[in-house]
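Take a look at the letters that make up each chain.
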Amino acid sequence: MLQLAHAARSLLTRAPARATLARGVASRSSHVAVSTMPSMKHPLSSIRAMSTMDTMETGTKTYMSLYPEGSTDGGIRLGNIVPDFPMETTHGNFDSFLDWKKGKWAILFSHPADFTPVCTTEIGRLALKYDDLEAMDCKVATLSVDPVKSHQEWLNDVVAHCENEIEIKFPIIGDPDRSISKAYGMIDPGNSDEQDLPLTIRAVFIINPENKLMLSLNYPACVGRNMDEIVRCVEALQLSYEKSIATPANWPNNHADIPMPDGTRSTEFKGSVFLLPTVSEDEAKEHYPGYHSCDVPSKINYLRLVKKEDVE
């Protein structure tokens, strides 16, 4: 985080070069191809339709330029353009994953294998969160190395086991040749052909409208994922993208009681967010004039809190 802060301050001191830097990064962009529950209104759904990047010059745009759009070793890292691939799914076939999600946020959610206990519960719980994610304009696709026919047969068990009435509204991708799993680093291409049972890890990739990887989670086969956390991550990423902010630890249950300059304490900042470290003081004052600076021994003004209602 200290290195990020230094990088942010360095960018801000070179303001005239910011646009050039952003264009330079964009020019290196490349695509890597490889051959029901009732709907619950999401609390922030009103600002989620057609998510767009904040126009603040020193905000999201500058912050994203800190992340390269491609890697030098073939791996996929945060900020990289994700690989494209054709999809054979339980909802039909698609020529391009990136065309399928065009202009939207998307989650690519892998599971190790059909007809396994943890995976059965994960797909069921993800189905319960689907309407929330759809309200946030976020598409969902899941994947394993099983063929589509296996997925279709297994889904009967998924629906039967879930304690709620569910409908699987998202596609499940078949990847029997493991090409997608290898391209996304879920299987080691050098070892997978030698394994008796090559399983994908439990991976989550959250991808923004520009097809950049914004978050990845990796879990072992023995630990199921928390769908509430995945929804929280999408909400946090979208707020950051749209409002040039960063969400603190434990958000939105953060900063419930903080000290104020006059010696009193305030509970008004629960669920507040930080301004991105790249945001200049001039733009901070212009866009968020009521932000609060947390006093710390260093006296560096980097803990700049904005109340939740000011970004909704």
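In case you missed it, the structure is sitting above this.
Cut-off values and rules
Residues numbered from 1 in each chain as written. Predicted model: local features only at pLDDT ≥ 70, side-chain atom pairs only at ≥ 80, totals over all residues. Heavy atoms only, no water. Helix = DSSP H or I, 4+ residues; strand = E, 2+ residues; numbered from the N terminus. Buried < 20%, exposed > 50% of the residue type's maximum accessible area, 1.4 Å probe, protein only. Axes fitted to C-alpha atoms, helices over the stretch in contact; angles between N-to-C directions. Left-handed = near helix turned anticlockwise from the far one by under 90°. Contact = heavy atoms within 4.5 Å. Nonpolar A, V, L, I, M, F, W, Y, C, P; charged D, E, K, R; others polar. Pairing = 2+ DSSP bridges.

J.: Would you explain the overall build of the chain in this entry?
T.: Scanning the chain for helices and strands turns up 9 helices and 13 strands. Sorting the 312 residues of the chain into buried and exposed places 48% on the buried side.

J.: What should I look at first to understand the packing of helix α5 (residues 117-135) against helix α8 (residues 227-243) in this one?
T.: Axis angle and axis distance: for two packed helices, these are the angle between their axes and the distance between the axes, and together they describe the pair. Relative to each other, α5 and α8 sit at 30 degrees, their axes nearing to 9 Å. Crossing hand, α5 versus α8: right-handed. In contact with E122, R125, L126, K129 and L133 of α5, α8 contributes M227, D228, V231 and V234. Classifying every residue of the contact of α5 with α8 by side-chain character gives 5 nonpolar, no polar and 4 charged.

J.: Looking at this model, I keep getting lost on the environment of F269. Mind explaining?
T.: With respect to the secondary-structure elements, F269 resides in the loop between β10 (265-266) and β11 (273-275). Separated by 23 residues in the primary sequence, F269 and H292 place their C-alpha atoms 9.1 Å from one another. Those residues in contact with F269 that sit more than four places away from it in its chain are N254, H255, I258, M260, H292, L305 and K307.

J.: Before we go on, may I ask you to explain unusual backbone geometry in this structure?
T.: Trans is the prevailing form of peptide bonds, just as negative phi is the prevailing case for residues other than glycine. In this structure, the amide linkage connecting W251 to the following residue, P252, adopts the cis form with an omega of 10 degrees. Mapped onto the fold, P252 is located in the loop between β8 (245-246) and β9 (258-259). The phi angle at H255 is positive, at roughly 50 degrees, despite the residue not being glycine. Along the chain, H255 turns up in the loop between β8 and β9. Residue class for H255 comes out partly exposed when judged on its relative accessible area of 24%.

J.: Mind showing me how you'd approach the sheet that holds strand β13 (residues 304-306) here?
T.: Sheet strands pair via backbone hydrogen bonds, and the direction of the pair is either parallel or antiparallel. Within the open sheet, the 4 strands sit side by side as β8-β11-β13-β12. Their pairing is antiparallel. The open sheet has two edge strands with one neighbour each: β8 and β12 (292-293). Taken together, the 2 bridges between β8 and β11 define a ladder with antiparallel strand orientation. Among the inter-strand pairings, I245 is bridged to a residue of β11, identified as L275.

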